[in-house]
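What follows is the residue order along each chain.
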Amino acid sequence: MPGLLTSQNLTEMRYLVVGWSNLTVSRVTTLIEHGSSSVVVAGVNGLTEAEAERATAAGASQVLDRPFTVDDLTTLGREEVDKVVDGVFVTLPKARFIKEIEQIYNTCRRLRVPVNVADAPEYCTFTLLSSYAHGDFQLGVTTNGKGCRLASRIKREVVKSLPTNIDEICERVGSLRQRIYQEDLSEVLETAVGQEDDDAGQSREFNTLVLEHEETLEQRKKQRLRWLSQVVEYYPLSRLGSISVEELSREYKQTIKNENATVTSLPEAAPRGRIALVGSGPGNAGLLTAAALQAITSADVVLADKLVPEEVLALIPRRTPVRIAKKFPGNAERAQEELLQLGLEGLEAGEYVVRLKQGDPYIFGRGAEEFNYFRSKGYTPEVVPGITSALSAPLVAKIPVTHREVADQVLICTGTGRRGALPTIPEWVESRTCVFLMALHRIGNVVEALANKGWDLSVPCCVIERASCPDQRIIRTRLRDVAEALEAAGSRPPGLLVTGYACEVIEKLGSEKWRIEEGLGN
């Protein structure tokens, strides 16, 4: 029979974990993360020094340096509950320790102590759910011991269908509930009548008239719950995260003053802006993700980086205002502040703002800074990934950034640190492919810094400019000659530098000092 699902407060609880396996560490970590004040770990035959160290590192407050005994169930708990432990997890293999498991289970049943035995549902009085948490929202899935992997898969499928701002939905509905509750108290009576339960409003009277003359607190309570239930039940879930608590609170007050109003006549939610940080990819419009295309074609306003190519900007509907960042040397910080202000103005006007960023928003694109800024203003952005040029540009230049016996790692670096300073230069590793973004305008300084760090300047390298665009250009050379090659060829931003022996896996430079390849398909 399916068990009753509950959410348990573990604050100040003291749990015992019996046995040793990789699952032991997981159980300790889970208990600590969910508020348990202390966890004791005991091995049925004692624990080795290494096992004890791992248990302590996971957060166990006590590790028994002796074998477990069944008396530990009634001697290791809190003083206020006569030292009986609050719960037990058993991680012993059932096939080897069936007698010990049966003894622990029977003792726990007699003491009414919750017990969970790994991979043995018949010896469990409770099971753990595959859970997901986002703010105050929690979701749990269980198959009642039939398979934790299946429960995890089902959880992922359910979570995919949820709005990304499910935490905001919970917060706003809770704030609205509390707001109108306090307003009712202040307007009617100062004493509460019983516990409120939203489900109580889901009766056959769900859609009956709500009239002004229902003025007792008990009547107003029923009225309030019916009205709230209507809002939660009939609003699209995606809109519940953007409703205005203040506006709905005013609408509620207006509703109860209108003698002829019914709760089936729902208030319109005040428009609330939303924002997406969208990666536009390396340049070619065909490399936009479907989610990015959907965002830019449905936006009310687009705020774009100056390096987003015309081919991508051309996909934005002509009716949509587009503002391009004025980020030229010496003005980057001020231009960034201007974009943030424009985005905030659009949000406050209830618009869908798309912040269109070159490549991927989080690869040297200030994406996290903008996320934190808008969230601090009350608007949590959606983030739409983009294909970063750090990985796609080498591909169009026929450079496999990893290749057996040539490159077993990839490092993405910036050539420009905070306020224009040189960043921390990585160590030379022969089997590494390094991709440097924002480095070409100061390539001489970058190469000098690499040399000072012990880099081999004879290593192959490649400059890739306007990757995937019709005017793409590739310069193949070696690190010692790259500054001279760029000086001779001129600049065609945006571009990046790839270094490492992977640069010659497919295309060999040979005896040439450098080679320039123009356009796509070369």
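Please read all numbers here as calculations on a predicted model, not as lab measurements.

K.L.:
Talk me through the side chain of Ser-280; I want residue IDs and the actual numbers.
P.N.:
Considering the arrangement of structural elements, one finds Ser-280 in the loop between β8 (274–279) and α9 (290–298). Residues contacting Ser-280, with those up to four places away along its chain left out, are Leu-288, Val-308, Val-312, Leu-356, Lys-357, Gln-358 and Gly-359.

K.L.:
Requested: an account of unusual backbone geometry, with residues and values cited.
P.N.:
Here the amide bond leading from Pro-493 into Pro-494 is cis, since omega sits at 0°, within 30 degrees of zero. The backbone of Glu-405 shows a phi angle near 65°, a positive value even though the residue is not glycine. Positionally, Glu-405 belongs in the loop between α13 (389–396) and β13 (409–414). Residue Glu-405 is classed as exposed on the basis of its relative accessible area, which comes to 88%.

K.L.:
Mind laying out the sheet that holds β8, listing which residues take part and the relevant values?
P.N.:
Taken in spatial order, the five strands line up as β10-β9-β11-β8-β12 in an open sheet, and their pairing is parallel. Two strands lie at the open edges of the sheet, namely β10 (322–324) and β12 (382–384), each paired on one side alone. Neighbour to neighbour, the strand axes of the sheet diverge by 20° on average, direction disregarded. Judged from the six bridges that link them, β8 and strand β11 (residues 352–357) form a sheet pairing that is parallel. Bridge pairing in β11 links Gly-279 to Lys-357. The sheet contacts of α9 involve β8, β9 (301–304), β11 and β12, and relative to β11 the element is tilted by about 130°. Packing of helix α12 (residues 367–376) onto the sheet brings it into contact with β8, β11 and β12, and relative to β8 it is tilted by some 175°.

K.L.:
Could you give me a rundown of the sheet that holds strand β4 (residues 87–90), with the residues and numbers involved?
P.N.:
Hydrogen bonds between backbone atoms are what pair the strands of a sheet, whose relative direction is either parallel or antiparallel. The parallel open sheet is built from five strands, whose spatial order is β3-β2-β1-β4-β5. Edge positions in the sheet fall to β3 (62–63) and β5 (115–117), since each of these pairs with one other strand and no more. Judged from the five bridges that link them, strand β1 (residues 14–18) and strand β2 (residues 38–42) form a sheet pairing that is parallel. Looking at β2, one finds that Leu-16 is bridged to Val-40.

K.L.:
Go over a nonpolar patch on the surface, please, and point to the residues and values.
P.N.:
A cluster of nonpolar residues, Leu-150, Ile-154 and Val-158, forms a patch on the protein surface that exposes about 220 Å² of accessible area. Within the element layout of this structure, Val-158 appears in helix α4 (residues 148–160).

K.L.:
Please provide a residue-by-residue account of the UniProt feature "domain: Siroheme synthase central" (unreviewed entry) in the chain, values included.
P.N.:
Those residues carrying the UniProt feature "domain: Siroheme synthase central" (unreviewed entry) are residues 135–160 in this numbering. Between the C-alpha atoms that bound residues 135–160 the distance is 16 Å, and the span itself is 50% helix and 19% strand.

K.L.:
Can you break down the pairing of strand β15 (residues 460–465) residue by residue, with the values?
P.N.:
Among the six residues in β15, six count as buried, and that is most of the element. Burial along β15 is two-sided: Pro-460, Cys-462 and Ile-464 facing one way and Cys-461, Val-463 and Glu-465 facing the other are all buried. As judged from the six bridges shared by β15 and strand β16 (residues 473–478), these two strands associate in the antiparallel manner. Note that in β16 the partner of Glu-465 across the bridge is Arg-473. Looking at chain direction, β15 and strand β17 (residues 495–499) are connected through five bridges and run antiparallel. Bridging across to β17, Cys-461 finds its partner in Thr-499.

K.L.:
Run through the pattern of salt bridges, naming residues and quoting values.
P.N.:
What the rule picks out here adds up to 22 salt bridges. The shortest N-O distance in the salt bridge between Lys-83 and Glu-79 comes to 3.6 Å. Residue classification places Lys-83 among the partly exposed positions, given a relative accessible area of 34%. Given the relative accessible area of 58%, Glu-79 is considered exposed. A salt bridge links Lys-160 to Glu-157; its shortest N-O distance comes to 3.4 Å. Highlighted residues: Lys-160 and Glu-157, both in helix α4, separated by three residues, approximately one helical turn. A relative accessible area of 62% means that Lys-160 is categorised as exposed. By sharing partners, the salt bridges in this structure join Lys-398, Arg-476, Glu-507, Glu-512, Arg-515 and Glu-517 into a single network.

What counts and how
Residues numbered from 1 in each chain as written. Predicted model: local features only at pLDDT ≥ 70, side-chain atom pairs only at ≥ 80, totals over all residues. Heavy atoms only, no water. Helix = DSSP H or I, 4+ residues; strand = E, 2+ residues; numbered from the N terminus. Contact = heavy atoms within 4.5 Å. Buried < 20%, exposed > 50% of the residue type's maximum accessible area, 1.4 Å probe, protein only. Pairing = 2+ DSSP bridges. Axes fitted to C-alpha atoms, helices over the stretch in contact; angles between N-to-C directions. Patch = residues over 30% accessible without salt bridge, like charges linked within 9 Å, V, L, I, M, F, W, Y side chains within 5 Å. Areas by Shrake-Rupley, 256 points an atom, 1.4 Å probe, with all protein chains shown as cover. Salt bridge = Lys/Arg side-chain N within 4 Å of Asp/Glu carboxyl O. UniProt positions renumbered as here; feature names shortened; annotations may be inferred.

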